[in-house]
Amino acid sequence: MNTQDATPTPVDAAVPDPQGRFGRFGGTYIPETLHAAVDGLAEAYARARGDAGFQRQLDGYLKDYVGRPTPLYFADRLSESVGGARIYLKREDLNHSGAHKINNALGQALLAVRMGKRRLIAETGAGQHGVATATAAAVLGLACDVFMGTEDMRRQRPNVVRMELLGARVVPVESGSCTLKDATNAAMRDWMESSEHTHYVIGSVVGPHPFPMIVRDFQSVIGRECREQCIDQLGGLPDHLVACVGGGSNAAGLFAPFVGDASVKMTGVEAAGRGHNPGDHAASISHGQPGVLHGSLSYVLQDEDGQTAPVHSISAGLDYPGVGPEHAYWHDTGRVQYAAVTDQQALDAFAQLTRLEGIIPALESSHALAYTLTLAAENDPNKIIVMNLSGRGDKDLDEVIRLLGMGDG
Amino acid sequence: MNRINTIFKQLRADGGKALMPFITAGDPDLATTAALLPALERAGASICEVGIPYSDPIADGPVIQASMTHALRGGVRLAGVLQAIAEQRDRVGLGLVAMVSISIVERVGTKRFLTDAADAGFDGVIFPDLPVEESDSVRAAVAEHGLVCSLLIAPTTPIDRAERIARACSGFVYLLARSGLTGEQAELDGGLPERVRRLRAVTDLPIAVGFGISTADQVSEVVQEADAAIVGSAIMKRVATLRDDGGEAVVGGVERFVEQLAGGLSRQPRPATER
């Protein structure tokens with residue numbers, strides 16, 4: 001643990017710049033048809049951000065509806081089994097609807113209400129962001145259409161049913177590879193025609209400016225809480241933060257409030273999948289190059305012609321060929337380290353946490369966990385690692401049963 | 001002088017208008033794309049927009065996206081497209097403009113892409129997903145390579161912003177007939193002629209109108225005010241229906257359709273009461 005410099009630091013206010021740049025990354029690469037919508041959103045968000053009433057309203061929902069603050073839990077038996085650094089878990093899995101996604105969905109939904117928009121649209125891959133948006137739409141009485149690739153709808157049937165029960169319409173997307181990136185394309189196209197009355201709730205710290213900033217800000221409640229909890233419970237700041245990175249929203253939310261704390265190391269963990277070849281992983285920073293996808297410049301997985309590459313991860317939430325531009329910036333500046341963990345390592349970590357702590361983690365979070373276990377083993381018990389347990393694993397049980405050859409079938 | 005500028009200068013001198021068909025390179029295959037270029041010229045087109053297939057074309061509608069997916073699944077690569085253009089360049093007088101996502105340009109490298117495109121014989125580029133704010137360095141490079149550059153102006157673009165975009169363009173400005181998806185529509189937006197007139201007041205460049213134009217009547221209506229009509233989805237829809245019949249059928253079908261469309265260039269529009 002380090003006790004120095006524990007005065008609160010705000011989210012890094014230096015980025016993005018007014019053009020939405022995080023260093024050389026980010027920006028606004030969109031068709032002109034989206035310009036008015038994106039510009040209007042940036043203005044509305046700037047006003048909401050400075051409005052104490054909006055913040056109070058959001059805080060109220062986060063406390064009484066989502067169940068925040070989420071605990072910072074000392075994983076005693078897990079730490080003991082590793083025999084190294086002490087491991088603390090930021091329990092985002094205990095949020096209403098089962099993951100950190102609701103922090104952003106509610107924030108954006110309240111922003112939509114403030115802008116007078118009565119309909120939400122969202123893209124979803126595994127369905128978690130779709131469920132979070134459908135949940136926010138239900139509680140605020142908004143219409144909701146969720147775009148989802150037909151391939152993902154087949155793989156994530158329970159979440160399709162959940163969204164429909166919540167009153168959302170799930171719009172099947174049959175173009176391209178019929179997965180998350182195609183659902184994102186479809187949502188952007190819908191927004192071109194509907195932005196007058198519709199808000200597009202993007203699910204991660206990706207997309208054109210101001211989305212990466214908005215999503216980071218709404219998710220930063222994770223890091224702000226965590227920072228206070230560390231000071232209260234541990235008497236100082238942690239030594240190391242670890243979070244998984246697909247688009248990177250839970251990691252951005254944990255990391256951003258600690259960016260000014262030079263003593264706190266941070267590692268984002270990508271999905272190394274089943275190999276290094278294109279189509280076998282989803283590690284955009286580890287294996288990708290700078291490029292433009294879905295409206296911003298960041299690390300992306302593309303072939304040499306700029307065509308988006310196929311991706312694979314055991315975890316549907318990490319299965320995205322890009323990463324938020326702020327992560328690209330943190331990578332380039334060296335503020336955050338990025339590592340990658342394989343399907344198998346994540347599965348092993350999943351089993352370990354479940355057995356030792358009675359917590360079933362999401363497969364996304366299991367990637368951060370696998371890295372945490374290795375890191376803890378390399379350090380002494382006087383070191384503290386905080387890992388973001390971004391979601392619970394109930395949604396992954398079918399997949400885990402299949403992979404571990406459990407159950408009757 | 002750049003060929004696009006020459007074409008519009010000639011048309012203005014003759015009081016003529018331009019038909020600008022769009023085709024996706026490599027749908028159904030590159031041999032057919034090559035064969036389509038002279039066919040488009042015979043049918044009365046002045047400039048052809050050649051869509052470089054991209055995996056995630058958010059500025060395009062379902063028909064063109066499906067067409068690009070088809071081309072990519074068939075193994076079409078950028079180098080192949082450029083080669084096909086290079087082989088046809090001297091056989092046609094058509095202006096050739098590449099419609100290309102900034103994702104491709106960024107990845108290949110702006111300079112390399114533009115050098116290769118110019119060497120292949122393209123006369124200009126259209127970036128459908130590059131807003132004027134992000135365009136400075138790319139536009140400068142386009143000019144250095146002797147190409148013209150068009151950015152898009154939307155129905156939702158305020159006139160002062162439209163003026164800024166027009167100033168950033170060369171060759172012609174590309175005005176969208178409607179927001180959102182490309183694709184056919186039964187009727188053009190009633191506010192379109194007024195939008196063209198207002199744009200005309202702030203730019204001397206030729207104005208090309210596209211998105212949702214699919215009939216000779218609509219071509220006729222558009223060129224009452226604008227300098228050029230762009231037709232994309234309606235053509236690629238015909239390509240999709242004829243794909244299974246082979247390249248010759250595609251070329252024949254598209255040529256007949258573009259001939260019909262070209263008929264709208266010189267025709268008086270039907271009076272509003274008949275519509």
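The preceding data block contains the structure.
The subject of this paragraph is the overall build of chain B. Within chain B, the secondary structure is distributed over twelve helices and nine strands. Relative to the compact-globule value of 19 Å for 275 residues, chain B shows a C-alpha radius of gyration of 17 Å, a close match. For the C-alpha atoms alone, the extent of chain B along its principal axes is close to 50 × 45 × 35 Å. Out of the 275 residues in chain B, the part that is buried amounts to 60%. Within chain B, contacts between residues at least 6 apart in sequence are counted, and of these 73% link residues at least 24 apart. Averaging the locations of the 28 positively and 35 negatively charged side chains of chain B gives two centres separated by 1 Å.

Here the focus is the sheet that holds strand E5 (residues 148-150) of chain B. The strands making up a sheet associate through backbone hydrogen bonding, with each pair oriented either parallel or antiparallel. Residues and elements named next belong to chain B. Read from one edge of the open sheet, nine strands run E5-E4-E3-E2-E1-E9-E8-E7-E6, paired in parallel fashion. Looking at strand neighbours, the two that pair on one side only are E5 and strand E6 (152-153), the edges of this open sheet. Where strand E7 (residues 173-176) meets strand E8 (residues 207-210), four bridges bridge the pair, whose relative direction is parallel. Bridged to Val173 within E8 is Ile207. Sitting on the sheet, helix H1 (residues 3-14) touches strand E1 (18-24), strand E2 (47-51), strand E3 (95-99), E5 and strand E9 (228-231), and the angle it makes with E3 is about 125 degrees.

Right, let's get into the nonpolar core. In this structure, Phe127 and Val209 of chain B are the most contacted members of the largest nonpolar core, which totals 193 residues. When residues of this core are assigned to their parent elements, the largest contribution, eight residues, is made by helix H12 (residues 247-266) of chain B. The contact partners of Val209 of chain B, leaving out residues within four places of it in the chain, are Leu175, Ala177, Leu192, Val196, Val222, Ala226, Ala228, Ala229 and Ile230 of chain B. Core analysis: the second largest hydrophobic core is formed by 25 residues, Leu89, Ala376, Ile385 and Met387 of chain A among them.

Next up on the list: the interface of chain B and chain A. The interface is formed by 39 residues belonging to chain B together with 32 residues belonging to chain A. Broken down residue by residue, the surface that chain B buries against chain A is led by Ile58, Arg107 and Glu134 of chain B, which jointly contribute 26%. If you look at where chain B meets chain A, you find five salt bridges. Arg161 of chain B serves as the salt-bridge partner of Glu32 of chain A, at 2.8 Å between the closest nitrogen and oxygen. Inspection of the chain B/chain A interface yields 20 residue pairs in polar contact (both at pLDDT 80 or more). With six residues, the single largest contributor to the side of chain B that touches chain A is helix H5 (residues 102-108) of chain B. Here the side of chain B that touches chain A is composed, by residue class, of 19 nonpolar, nine polar and eleven charged.

Taken as a whole and assessed by the stated rule, the structure comprises eleven aromatic pairs over all chains. When the ring of Tyr61 of chain A is compared with that of Tyr65 of chain A, the centres are 6.4 Å apart and the planes differ by 80 degrees; the resulting orientation is edge-to-face. With Tyr61 of chain A and Tyr65 of chain A both in helix H2 (residues 52-66) and four residues apart, the pair spans about one turn of that helix. Assessed through its relative accessible area of 27%, Tyr65 of chain A is described here as partly exposed. Summarising the aromatic geometry, the rings of Tyr174 of chain B and Phe211 of chain B are spaced 6.0 Å apart at their centres and angled 90 degrees between planes, so their arrangement reads as edge-to-face. Within this pair, whereas Tyr174 of chain B is found in strand E7, its partner Phe211 of chain B is found in the loop between E8 and helix H10 (216-222), the two being separated by 37 residues in sequence. Overall, Phe211 of chain B belongs to the buried group, its relative accessible area being 7%. Directly above the ring of Tyr73 of chain A sits Arg91 of chain A, whose terminal nitrogen or CZ lies 5.9 Å from the centroid.

A few words now on the pairing of strand E10 (residues 265-273) of chain A. All names here are of chain A. Burial runs high along E10: eight of the nine residues are buried. Crossover handedness for the path strand E9 (residues 240-244) to helix H11 (residues 249-255) to E10: right-handed. Here E10 runs beside strand E13 (residues 337-342); their pairing, made up of six bridges, is parallel. Pairing of Gly273 across the sheet is with Thr342, part of E13.

Before going further, it helps to examine empty space enclosed by the protein. All names here are of chain A. As enumerated under the stated definition, the model contains ten cavities of 30 Å³ or more in all. Considering only enclosed or pocket space, the largest cavity measures out at about 440 Å³ in volume. What lines the largest cavity is a set of 33 residues, and nearest its centre among them are Lys101, Gly203, Ser204, Gly317 and Leu318. Of the residues in the lining of the largest cavity, the class split is ten nonpolar, 19 polar and four charged.

A separate point is the sheet that holds strand E5 (residues 119-124) of chain A. Residue and element names in this part refer to chain A. Taken together, the four strands give an open sheet; going across it, the order is E7-E6-E5-E8, and neighbouring strands pair in parallel fashion. The sheet is open, and its two borders are formed by strand E7 (169-173) and strand E8 (198-200), each paired with just one other strand. Looking at each pair of strands side by side, their axes are set apart by 25 degrees on average, direction ignored. Relative to E7, strand E6 (residues 143-149) runs parallel, the two sharing five bridges. Following the sheet pairing, Phe147 is matched in E7 by Val171. Contacts from helix H8 (residues 180-194) reach E5, E6, E7 and E8, with the element oriented near 160 degrees to E5.

Next up on the list: the packing of helix H2 (residues 30-43) of chain B against H12 of chain B. Residue and element names in this part refer to chain B. Orientation of H2 relative to H12, taken along the N-to-C sense of each, is 25 degrees, at an axis distance of 9 Å. Taken as axis vectors, H2 and H12 run roughly parallel relative to one another. At the point where H2 passes H12, the crossing takes the right-handed sense. Here Thr32, Ala35, Leu36, Ala39, Leu40, Arg42 and Ala43 of H2 lie close against H12, whose contacting residues are Gly247, Val250, Val251, Val254, Glu255, Val258, Glu259 and Ala262. Within the contact of H2 with H12, the residues separate by chemical class into ten nonpolar, two polar and three charged.

Estimated volume of the largest pocket: approximately 640 Å³. Residue lining of the largest pocket: 30 residues in total, with Ser177, Lys181, Thr308, Ala309 and Pro310 of chain A positioned closest to the centre. Among the secondary structure elements, those contributing two or more residues to the lining of the largest pocket are helix H6 (150-155) and H8 of chain A together with helix H3 (62-73) of chain B. Grouping the amino acids of the lining of the largest pocket by side-chain chemistry returns nine nonpolar, eleven polar and ten charged. Its boundaries defined by the atoms lining it, the second largest pocket holds a volume of some 550 Å³. Breaking the lining of the second largest pocket down by element, the ones donating at least two residues are helix H7 (157-165), helix H14 (343-357) and helix H16 (397-404) of chain A. Per-element accounting of the lining of the second largest pocket gives the leading share, five residues, to H16 of chain A.

A separate point is the pairing of strand E14 (residues 384-389) of chain A. Taken residue by residue, a regular strand's side chains alternate between the two faces of the sheet. Residues and elements named next belong to chain A. With six of six residues buried, E14 lies mostly within the body of the structure. Residues Ile384, Val386 and Asn388 point to one face of E14 and Ile385, Met387 and Leu389 to the other, with burial holding for every one of them. Here strand E4 (residues 86-91) runs beside E14; their pairing, made up of six bridges, is parallel. Paired with Lys90 across the two strands is Asn388, which belongs to E14.

Criteria and cut-off values
- Residues numbered from 1 in each chain as written.
- Chains lettered and ligands numbered in written order.
- Predicted model: local features only at pLDDT ≥ 70, side-chain atom pairs only at ≥ 80, totals over all residues.
- Heavy atoms only, no water.
- Helix = DSSP H or I, 4+ residues; strand = E, 2+ residues; numbered from the N terminus.
- Rg over C-alpha atoms; globule rule 2.2 N^0.38 Å.
- Buried < 20%, exposed > 50% of the residue type's maximum accessible area, 1.4 Å probe, protein only.
- Contact = heavy atoms within 4.5 Å.
- Lys, Arg positive; Asp, Glu negative; His and termini not counted.
- Charge placed at Lys NZ, Arg CZ, Asp CG, Glu CD.
- Pairing = 2+ DSSP bridges.
- Axes fitted to C-alpha atoms, helices over the stretch in contact; angles between N-to-C directions.
- Core = buried A, V, L, I, M, F, W, Y, C linked by side-chain atoms within 4.5 Å.
- Buried area = accessible area lost by both parts, 1.4 Å probe.
- Salt bridge = Lys/Arg side-chain N within 4 Å of Asp/Glu carboxyl O.
- Polar contact = N/O pair within 3.5 Å; in protein donor to acceptor, adjacent residues only side chain to side chain.
- Nonpolar A, V, L, I, M, F, W, Y, C, P; charged D, E, K, R; others polar.
- Phe/Tyr/Trp six-rings, centres within 6.5 Å; stacked < 30°, edge-to-face > 60°.
- Lys NZ or Arg CZ within 6 Å of the ring centre and 35° of its normal.
- Right-handed = clockwise from strand over helix to strand, strands pointing away.
- 1 Å grid on protein atoms, 1.4 Å probe; cavity = no way out; pocket = protein on both sides within 12 Å on 5 of 7 lines; lining within 4 Å.
- Points joined across faces, edges and corners; volume = space filled by probe spheres on them.
- Parallel < 35°, antiparallel > 145°, perpendicular 65-115°, else oblique.
- Left-handed = near helix turned anticlockwise from the far one by under 90°.

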